[in-house]
Structures are given as structure tokens and as C-alpha cells.
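Commentary on secondary and tertiary structure
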2 protein chains.
Amino acid sequence: MFNRRSFASYDTSSTDHLRFISDTVLGQMGSGPFGLQAELSKLTAQEIMDAKALAASKSHSEAERRRRERINNHLAKLRSLLPSTTKTDKASLLAEVIQHLKELKRQTSIIAESSAIPTESDELTVDNEEDEDGRFVIKASLCCEDRTDLLPDLIKTLKAMRLKTLKAEITTLGGRVKNVLFITGDDQELNRDDDEQQQPHEYFVSSIQEAFRAVMEKSNGDESSPGSVKRQRTNINII
Amino acid sequence: MFNRRSFASYDTSSTDHLRFISDTVLGQMGSGPFGLQAELSKLTAQEIMDAKALAASKSHSEAERRRRERINNHLAKLRSLLPSTTKTDKASLLAEVIQHLKELKRQTSIIAESSAIPTESDELTVDNEEDEDGRFVIKASLCCEDRTDLLPDLIKTLKAMRLKTLKAEITTLGGRVKNVLFITGDDQELNRDDDEQQQPHEYFVSSIQEAFRAVMEKSNGDESSPGSVKRQRTNINII
DNA sequence: GTCTACACGTGAATC
DNA sequence: TGATTCACGTGTAGA
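From a predicted model like this one, the values you see are computed outputs, not experimental measurements. (Residues numbered from 1 in each chain as written. Chains lettered and ligands numbered in written order. Predicted model: local features only at pLDDT ≥ 70, side-chain atom pairs only at ≥ 80, totals over all residues. Heavy atoms only, no water.)

Let's shift gears to the relation of the copies chain A and chain B. With an RMSD of 0.5 Å, chain A superimposes on chain B once it is rotated by 180° and translated 0.3 Å along the axis. The superposition operator between the copies reduces to a two-fold rotation axis. Of every C-alpha in chain A, the one belonging to Thr108(A) sits nearest the axis of rotation, 2.8 Å from it. When you check the interface residues of chain A against chain B, 97% turn up at the interface there too, and the contact is symmetric in its surfaces. (Least-squares fit on C-alpha atoms with pLDDT ≥ 70 in both. Contact = heavy atoms within 4.5 Å.)

Moving on, we come to the interface of chain A and chain B. Contacts between chain A and chain B engage 29 residues on the former and 30 residues on the latter. The contact between chain A and chain B buries some 3000 Å² in all, and 77% of this surface belongs to carbon and sulfur atoms. The three residues of chain A that bury the most area against chain B are Leu81(A), Ile98(A) and Leu101(A), which together make up 18% of that side's buried surface. Remark: the boundary between chain A and chain B carries 0 salt bridges. (Buried area = accessible area lost by both parts, 1.4 Å probe. Salt bridge = Lys/Arg side-chain N within 4 Å of Asp/Glu carboxyl O.)

Turning next to the pattern of salt bridges. Residue and element names in this part refer to chain B. The tally for this structure, following the rule as stated, stands at 16 salt bridges over all chains. Here Asp-153 ties to Arg-147 by a salt bridge, and the two come within 3.0 Å at their closest N and O atoms. The buried category is assigned to Arg-147, whose relative accessible area is 9%. (Buried < 20%, exposed > 50% of the residue type's maximum accessible area, 1.4 Å probe, protein only.)

A separate point is helix H5 (residues 150-160) of chain B. All names here are of chain B. Those residues of H5 that fall on the buried side of the exposure criterion are Leu-150, Asp-153, Leu-154, Thr-157 and Leu-158. Taken around the axis of H5, the buried residues stretch over an arc of 135°, which confines them to a single face. Along H5, the residues that are exposed and aim more than 90 degrees away from the buried face are Lys-156, Lys-159 and Ala-160. Directly after H5, the chain includes Arg-162, whose backbone phi takes a positive value near 55°. (Helix = DSSP H or I, 4+ residues; strand = E, 2+ residues; numbered from the N terminus. Arc of directions from axis to C-beta.)

This is the structure we're talking about:
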């Protein structure tokens, strides 16, 4: 452990290290011809072991240097992607990356909700809305990878929940699909005038969200179909 | 440097370190009462210096540990923000962050171009388009911080370039403004039927872009006006 | 047994 | 000067 430390300094060459060892050992031991011989052979063994250890240590430190280099290159790339490069500090850089990432995520989610074009990331929002006649309508917007059974599954789900689709905007682009559905229940279920209005509607919203989530996740699990017809765009409005 | 190394191991206590020094020094020096006394006082000085050095080293290593902790916390937060948490590796994590950041940036820029809502980041695009009558129209979309003189400056610029605004969509939100202008030149300048059509239009596009860029940058330099009326939204269509 | 990734303490530099 | 940041080589634990 002691001599391991001795070549830990940055640019001590192998020969310097060995000379240091031979000096100390020869100084402590007797200088007779036999002892010297023994010590010399011992030294050779030491040399070999040290050479091996040094080689191992060298490759180790080099590997570690490569790793550091990779990480720092990525950090530099991140720094170049940020708008404000005020702080050069590493931790602050990462903090700004986090902030920027959250901001971008916020923007995209806000814009994506009000857009009819499907995005790369899966998305599901279900909200209460009021139509022009003041009746309650639920607007459900879901975006996911397209598959042949998606629409039938959605219809089946809606039928099972006794819901009626007033209007559907279905847009597919690049193998992905975005559905914006305007849903209402049977008249005896929704549009009641008692003072417990909010709670039942929130219940409907969450149960619809849950059901649609299941349909979307079933879609994700279906990896066997290769999504044959891609990169073609269709835009369908069902009223 | 030698004894600095000696307490470099992780949990060697201060007393162990000092005992090691006293052993070696006493072994090398004479053991007379005077020499011992001198060595003892020296030792005390050494002890004090070592105690100081140890304290410094301790605070240093603790500070370094805090720094590492901060960085790793940020990395963990980044990992939680990513959609795919497949690789736990640090460098790969940063690589995925870069990828994700680029993807989000791409999405927002694409969506922002086709949206009438002003975004947080400045933006300027100028493109050729054809209107319903087949005439050439230039669509210019610029988004920047709002100021009172922005619109007059734009109008002045357009007038100076002998351009006509067919239609303008101006939307302000939260102190920022987005202008989408549909521009055409005088009829003798644009809409010619010779085979050099593309080049002059590209010239117009780039010169318009340059002029608008100047207007936007002048806007950025104007920090004196406090942008009094913020957080109110207006939507104006000029046809 | 080699390889890889991490945390650690330390020397040096910058402020 | 002390505080803070970085690169370095090393110990060590999983594949």
C-alpha cells in the first residue's frame, strides 16, 4: 500500500519509482554478495509485480480519464444547447438544464392540447366543457401510436360506459394518431340541475380517463403489428 | 507531502497519525534529555500544524462531497424528468438528456411556427407562399417582447421596402407579441412571369428577414420602457 | 480474471 | 486569505 502510493504522483516515470525502491531496500539490508543477489532477484520480482501493477493502474486511470471526458463532452453539448450560458459552473449548468427542460415540456404540453396534430409523445387529457347551448360536454384528447383496433376499442369503451360521442376529430400523421372526442352521457346521467353537479362530473372525467388510459396502454403493448402503412396523413371529421 | 499522504486513507484517526510521526522521528534522533525536549516541542508544533492541515483537509473533502452531492441530485432530477429511464449510466443519461432536449426544441419550433400564440423565445421566419389566386405572397412570422414602437417600426420598414401588407395577425400575451404578416410587393416588383422568378423572391425573403431582425433587436435593446400594461391579451386582425 | 462505473480525497487554480 | 470548482488517480463493487 505504501509503494502503491509512491507512484501515485502524476508524472513519476517507472524507472524513477524502481530506483527509489532499490535505494531504500539496499540501505536497510546487508550488502554481502549473497544478500545482494537475493535482494536483486527479489527486486526483479518486485519489478515485475510493480510493472504489472503500474500497467493495470495506468489502464485504469486512462479508462477513468476517458469516462470523465465523455461526461464533460456531454456537459459541453448541453451548455451549447442552453439559451443563457451565464453560469459556467457544472452544478448550475445542470440546474439550468432541468429548468429549461421543464419549461419546454410545459410549452409543448400547452400547445399540444390546443392543436389537432398528433405529437411524438403519448398524451391523454379529459376535461369538462360547455357547449354553445350551455349543456355539459366532456372533451377528451388522446394521442398515441396508431393501430387498427384503436378506434373500435374506443367505440366499445364508450358504448360500455353508456356515453355518446357528439363529435370526433381524428388525425393521423406518421403512424401516430390524435383523437379529440366531445362526449356526453345519457340525459338522465349528465346535465342534472341539482347542487351536486361538480362531483358526478369529476367522477365521469376520471373514469373516462382511466378507461382511455387502458385502451392506450393496450395499444402500447401491441408491438407485433408492424404498422404497415406509415407516413400517410388522413383527417377525418365525424359529426 | 509524505505525512500528508499518511492520513489520506479513509478513516485513519488523528492520534494514529501523530503516533506514527513520533515513532519515526524519535528513532532517528538522539535520545538525550535535551534533544528529546527539543523534539517534543517540535512535535507539538508539528501536531498543531498537522491539526490545522487535517482540519483544512477535512473541510475541503467535506466541501467536495457536498459539491458531488449537488451534482448527483441534479442528475437524479434529470433522470426523473426523462421518459425512458433504461440506462442508469451517468454519461448515457446525459446523452439522453441532450437527445430529449433537441427533440423538444424541434417540436416547439415546428408547432410555434403554425401557431398564433406568442412564445417565450424570440423567433423570426420568412417564407414564400402562394395565395388562393396563385399570386406570390411572403409570410413573415415574428415573435418578440412587446413595446410601443414595434408596430410603427414594422410599418416604417415595410414602407421603406415598398412592400404591401395584405393581412396581419397580431397577438399579444403576457407582454410578448406575435405578428404574422402576409406581404406582397408592388406589382411591378413581384409576380413577374419570367424564368428568373425564384432568385428575386429569395432576395426579397432574405432582405425582409434582415430588416425585421433589426427591428426585433432594436426591441431587445429598449430596456428603459417598463412595458407598463402587461398580462392583458389582445387579438387584432387587420385585413 | 478483465471491464466498467462510481465515490472518494487530494492538488491546483481561480476568485 | 479561505472558499469553491475542477481534474486526477485510486479503492471498490458489479457484470
